[in-house]
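One-letter residues, chain by chain:
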Amino acid sequence: MDCALEASGLTKKFKDLAAVSQFNLQVPRGEIFGLVGPDGAGKTTTLRMLSTAMEQTAGEIRVLGLHSLKEAEKIRDRIGYMPQRFSLYGDLTVEENLDFFADLYQVPGAVRAKKKAELLAFTNLAPFTKRRGAQLSGGMQKKLALACNLIHTPELLFLDEPTTGVDPISRREFWRILNGLTGVTILVTTPYMDEAERCHRVGLIREGKLLVCDTPAEVKRQAGAATLEEAFIRIVEGSGVAGGR
Ligand SMILES: Nc1ncnc2c1ncn2[C@@H]1O[C@H](COP(=O)(O)OP(=O)(O)O)[C@@H](O)[C@H]1O
Ligand SMILES: [Mg+2]
């Protein structure tokens, strides 16, 4: 399998708390993988380690075939990472925000205009290039944030709860955009079950442990549940992991 991402025995401890323990994952190129779990489950910590933003306590990670600790710089050039609290520059316009990220990622002038036009069209933000970030609706801000993280054509994109707090129509549009991206591997976290259904595979994480990892259809089938939500509840109840933190 041609893997974009491989993690084995991934563990993160904050003093006595094992925020992530013995996490194993393989994500093939081109897949949209959804990491689902309640608040405090360890989603952000996992994403931060996988995207080289934070070092693990134990375990090994390979990103695009590269070693996460020894080759972190090389990895960062080829991935995008949209943190949970990603903030745009509110006093910069849509276009200026895109330019800012193009500068940051050193996108060459020759491809910059084309890439910007493509992303603006793709996200339906083309009519709003002169609008300031602060004046965009929540859904438009998320789309702009996504565009900013795609400006350097990453091979692998990490999105941490990119649609949390956004209205259902905008969430659907955001996912239409994600599902329309080709050639990008995506690892996304979400608290929304309808979004989990749109992923090729989903992992359920709770108390730092990956309880299940499969296609939405297979997760439902194995749990004998009609919906992913019901499947996850059954899995959690059967897992013996105590609730709450
Ligand atoms: N920097 C930190 N220091 C100490 N504890 C942390 C830190 N970051 C996260 N945690 C704890 O690790 C656990 C997992 O957090 P997090 O990865 O943010 O979960 P999620 O993104 O699923 O809500 C939580 O109990 C959280 O309080
Ligand atoms: Mg989080």
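(A) Structural detail: the packing of aromatic side chains. Tallying each qualifying case throughout the model produces two aromatic pairs. Taken together, a centroid distance of 4.8 Å and an interplanar angle of 55° make the contact between Y89 and F100 tilted. With a gap of 11 residues between them, Y89 in the loop between β6 (79-82) and α3 (94-104) and F100 in helix α3 connect regions that are remote in the sequence. For Y89, a relative accessible area of 38% corresponds to the partly exposed category. When the ring of F100 is compared with that of F101, the centres are 5.5 Å apart and the planes differ by 75°; the resulting orientation is edge-to-face. Given the relative accessible area of 7%, F101 is considered buried. Over the ring of Y192 we find R171; its NZ or CZ atom is 3.8 Å from the centre of that ring.

(B) A nonpolar patch on the surface, seen in detail. Together, Y89, F100 and L104 give the surface a local cluster of nonpolar side chains, amounting to about 280 Å² of exposed area. Relative accessible area serves as the criterion here: at 53%, L104 is assigned to the exposed category.

(C) Looking closely at unusual backbone geometry. The phi torsion at T52 lies on the positive side, around 65°, for a residue other than glycine. Positive phi is not limited to glycine here, since T153 has a value of about 50°. Its place among the elements puts T153 in the loop between α5 (138-148) and β7 (156-160). Residue T153 is classed as exposed on the basis of its relative accessible area, which comes to 51%.

(D) Just the pattern of salt bridges, in detail. As enumerated under the stated definition, the model contains 20 salt bridges in all. The partner of R201 in a salt bridge is E31, and the shortest N-O contact between them spans 2.9 Å. Here E31 lies in the loop between β2 (17-28) and β3 (32-36) and R201 lies in strand β9 (residues 201-206), a separation of 170 residues in the sequence. You'll find R201 and E31 in the same group, each marked buried. E173 is the partner of R176 in a salt bridge, and the nearest nitrogen-oxygen pair spans 3.3 Å.

(E) Region of the structure containing the site of ligand 1. Taken together, 12 residues sit near ligand 1, with G40, G42, K43, T44 and T45 positioned nearest. Between G42 and ligand 1, the recorded distance is 3.0 Å, taken from a backbone N or O atom to an oxygen atom. In the complex, 62% of the free accessible area of ligand 1, which totals 560 Å², lies under the protein chains. Only β2 and α1 (43-50) provide two or more residues apiece to the shell around ligand 1. Tallying contributions element by element places α1 first for the shell around ligand 1, with three residues. Residue composition of the shell around ligand 1, grouped by class: five nonpolar, four polar and three charged.

(F) Examining the coordination of the magnesium ion (ligand 2) more closely. Those protein atoms acting as donors to the magnesium ion (ligand 2) are T44 (OG1) and Q84 (OE1), and they sit at 2.0 to 2.2 Å. With a gap of 40 residues between them, T44 in helix α1 and Q84 in the loop between β6 and α3 connect regions that are remote in the sequence. Residue T44 is classed as partly exposed on the basis of its relative accessible area of 26%.

(G) Region of interest: the sheet that holds strand β4 (residues 58-63). Strand order in this open sheet of four strands is β2-β1-β4-β5, and the pairing throughout is antiparallel. Only two strands of the sheet have a single partner each, and these edge strands are β2 and β5 (66-67). Relative to β2, strand β1 (residues 3-14) is paired through eight bridges, and the arrangement is antiparallel. Each residue of the ladder has a partner; that of K12, found in β2, is V20. Packed onto the sheet, α1 meets β1, β2 and β4 and runs at close to 125° relative to β1.

(H) Region of the structure containing the pairing of β7. Within β7, five of the five residues are buried, which leaves the element mostly enclosed by the surrounding structure. Pairing of β6 with β7, which is carried by four bridges, proceeds in the parallel orientation. Opposite G80, over in β7, you have L157 as the bridge partner. Pairing of β7 with strand β8 (residues 185-190) involves five bridges; the strand directions are parallel. Residue pairing in the sheet places L157 in a bridge with I186 of β8. Following the backbone out of β7, through helix α6 (residues 168-180) and into the adjacent parallel β8, one traces a crossover that is right-handed.

The rules behind the values
- Residues numbered from 1 in each chain as written.
- Chains lettered and ligands numbered in written order.
- Predicted model: local features only at pLDDT ≥ 70, side-chain atom pairs only at ≥ 80, totals over all residues.
- Heavy atoms only, no water.
- Phe/Tyr/Trp six-rings, centres within 6.5 Å; stacked < 30°, edge-to-face > 60°.
- Helix = DSSP H or I, 4+ residues; strand = E, 2+ residues; numbered from the N terminus.
- Buried < 20%, exposed > 50% of the residue type's maximum accessible area, 1.4 Å probe, protein only.
- Lys NZ or Arg CZ within 6 Å of the ring centre and 35° of its normal.
- Patch = residues over 30% accessible without salt bridge, like charges linked within 9 Å, V, L, I, M, F, W, Y side chains within 5 Å.
- Areas by Shrake-Rupley, 256 points an atom, 1.4 Å probe, with all protein chains shown as cover.
- Salt bridge = Lys/Arg side-chain N within 4 Å of Asp/Glu carboxyl O.
- Near = heavy atom within 4 Å.
- Polar contact = N/O pair within 3.5 Å; in protein donor to acceptor, adjacent residues only side chain to side chain.
- Nonpolar A, V, L, I, M, F, W, Y, C, P; charged D, E, K, R; others polar.
- Donors = N, O, S within 2.8 Å, 3.2 Å for Na, K, Ca; no water.
- Pairing = 2+ DSSP bridges.
- Contact = heavy atoms within 4.5 Å.
- Axes fitted to C-alpha atoms, helices over the stretch in contact; angles between N-to-C directions.
- Right-handed = clockwise from strand over helix to strand, strands pointing away.

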